[in-house]
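# Topology and contacts: notes
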Amino acid sequence: MSIKAPRGTRDILPLEAQKWYILEEIFKKMCCIYNMHEIRTPLFEETELFVRSVGEESDVVNKEMYNFKDRGGRELALRPEGTAGVVRAYIEHGLYNMPQPVKLFYYGPMFRYDRPQAGRQRQFYQMGIEIFGTREPIADVEVIKFTADFFSSLGFRNLQLHINSVGCPQCRFPYQDDLKEFAREKLSMLCADCQRRALLNPLRLLDCKEEGCRELMKDSPQLESYLCQDCRDHFNGVLELLNVLNVPYYVDPYMVRGLDYYTNTAFEFISEDIGAQGSLGGGGRYDNLVEICGGPSVPGVGLAMGVERIALAMDREQLWPEESEPEGVFMAVQDSGLKEEALSMLYSLREKGLRADTDFLNRSLKAQMKFANRNGFRYVIIFGEEEKLKNQIKLRDMLKGEQLELSFAEALDILVKERS
Ligand SMILES: [Zn+2]
Ligand SMILES: [Zn+2]
């Protein structure tokens, strides 16, 4: 029996990888513009880190985490999200001693044992940013504006920014109690997940995707009226700055985000066309997370975006740039006795930084030309007995269909000039 990729994983073949490369480049460029610095953390961490940060009662830790004992008996887990590891590193390396804020970005695979569907894999990729060391609304807005700028440079025009405040523990606890009370009367009519949430994680009752639950929770108390003065001022500060920067938003009292560690600002960028699955990225503030993970009391705010979802949305809206122009040189050899000489030409081309390749299978000249065409080479150098006698090569421009006879040195000159 043949071995296949595990359920919930996907191979990213070259044509798709080229698209991902575009996303990564634009993301990294945006990070550079915003003065964010890259951090790379391990793909697995001590399980305890996620239990503490993401929350023991969360679906992510409870049902979806890949945790295991290694051969040394350590309790480890594949990271289900990116923030916890970055927070752990921030504490472990004393980054709170550096001038604040510390602005970081990451990119890489995350793992959740979930039912696979379009845009949702068990190994999936996220790009994210984190800003540590300031509680000022300007930091929240920095993260939100970054996200808006990133999506608009990808070409998205119809994303909606949903924003809410989930308050601080002080104002959230009485609210959660009232929410629990509200849900208790309707418990038997809620879905199985919501029945569990009602006990353990009542905030999540608000963003159940089941139509029935949404209807039942429609008249639930709203967190907005429970916010303490501090949280209210902070939220208003964020909204005011968004107004100043002309970033349109929609205050969505039902948006609470999936992870437990958020405080105050929570936001998502939602594509209207994809419906409930439409969140392309989001984040929020986590003022207690560093402390929860064993560090000093340092506030933070961040963003995470799903690469698969964004790529799917780009497919759907046909936002990928046109295929790139053919470029580079293919070294076609007519006579296998000339291979060695052709090889030294090939490496001279590469030394000049030109994209170059040759035939590895002793194919006919015609087959080599076809190969060069299919592989997007702009030029072909043809080298055979006839050329060798004249100490020349043929340089064929596949785009224009023109052909020159000249020395290799002359051809190299033309190709280098052409490229710059
Ligand atoms: Zn509060
Ligand atoms: Zn439900």
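Below, the structure is looked at part by part. (Residues numbered from 1 in each chain as written. Chains lettered and ligands numbered in written order. Predicted model: local features only at pLDDT ≥ 70, side-chain atom pairs only at ≥ 80, totals over all residues.)

### So, the sheet that holds strand E15 (residues 393-397)
Inclusion rule: Here, a strand pair is defined by DSSP locating no fewer than two bridges between the strands. Only DSSP runs of H or I reaching four residues or more are called helices, and only runs of E reaching two or more are called strands; each is numbered from the N terminus. Axes here mean lines fitted to C-alpha atoms, for a helix over just the part in contact, with angles spanning 0 to 180 degrees between N-to-C directions.
Read from one edge of the open sheet, five strands run E13-E12-E14-E15-E16, paired in mixed fashion. Strands with a single pairing partner mark the edges of an open sheet, and in this sheet they are strand E13 (356-358) and strand E16 (402-406). Strand-to-strand twist across the sheet, computed as the mean angle between neighbouring axes with direction ignored, equals 20°. Pairing of strand E12 (residues 329-333) with E13 involves three bridges; the strand directions are parallel.

### Focus on helix H11 (residues 307-316)
Threshold: Put simply, a residue is buried when 20 or more other C-beta atoms lie within 10 Å of its own C-beta and exposed when 12 or fewer do; between those, it is partly exposed, and each C-beta is set from the backbone. For every residue pair, C-beta atoms are placed from the backbone, and the pair is scored as a contact if these atoms sit within 7 Å.
Where H11 is concerned, the buried positions are Val 307, Arg 309, Ile 310, Ala 311 and Ala 313. Buried positions along H11 lie against helix H1 (14-33), strand E6 (123-132), strand E9 (263-271), strand E10 (279-285) and strand E11 (300-306). Phi for Gln 318, located one or two positions after H11, is positive at around 50°.

### Focus on the sheet that holds E6
Pairing is mixed in the open sheet, where eight strands are placed in the order E1-E5-E6-E11-E10-E9-E7-E8. With partners counted over all chains shown, the strands left at the sheet margins are strand E1 (37-38) and strand E8 (250-251), one partner each. Where strand E7 (residues 159-165) meets E9, seven bridges bridge the pair, whose relative direction is antiparallel. Along E9, the bridge assignment pairs Ile 163 with Phe 267. Packing of helix H4 (residues 83-92) onto the sheet brings it into contact with strand E5 (102-111), E6 and E11, and relative to E6 it is tilted by some 40°. Those strands touched by helix H9 (residues 229-244) are E7 and E9, and its axis lies near 35° from that of E9.

### Points about unusual backbone geometry
For the bond running from Gln 100 to Pro 101, omega is 0°, close enough to zero to count as cis. Here the phi dihedral of Asn 264 falls at roughly 55°; this positive angle occurs in a residue that is not glycine. Overall, the presence of 25 C-beta atoms within 10 Å leaves Asn 264 in the buried class. If you check the backbone angles, Asn 391 has positive phi at about 55° while not being a glycine. You can see Asn 391 is positioned in the loop between helix H14 (385-389) and E15. On the neighbour-count criterion, Asn 391 (8 C-beta atoms within 10 Å) is exposed.

### Side note on the environment of Met 30
Residue placement: Met 30 occurs in helix H1. Residues Met 30 and Phe 146, 116 residues apart in the sequence, show an inter-C-alpha distance of 7.5 Å. Every residue in contact with Met 30, bar those within four places of it in the chain, is listed here: Phe 146, Asp 149, Phe 150 and Ser 153.

All we've got here are geometric facts, nothing functional implied.
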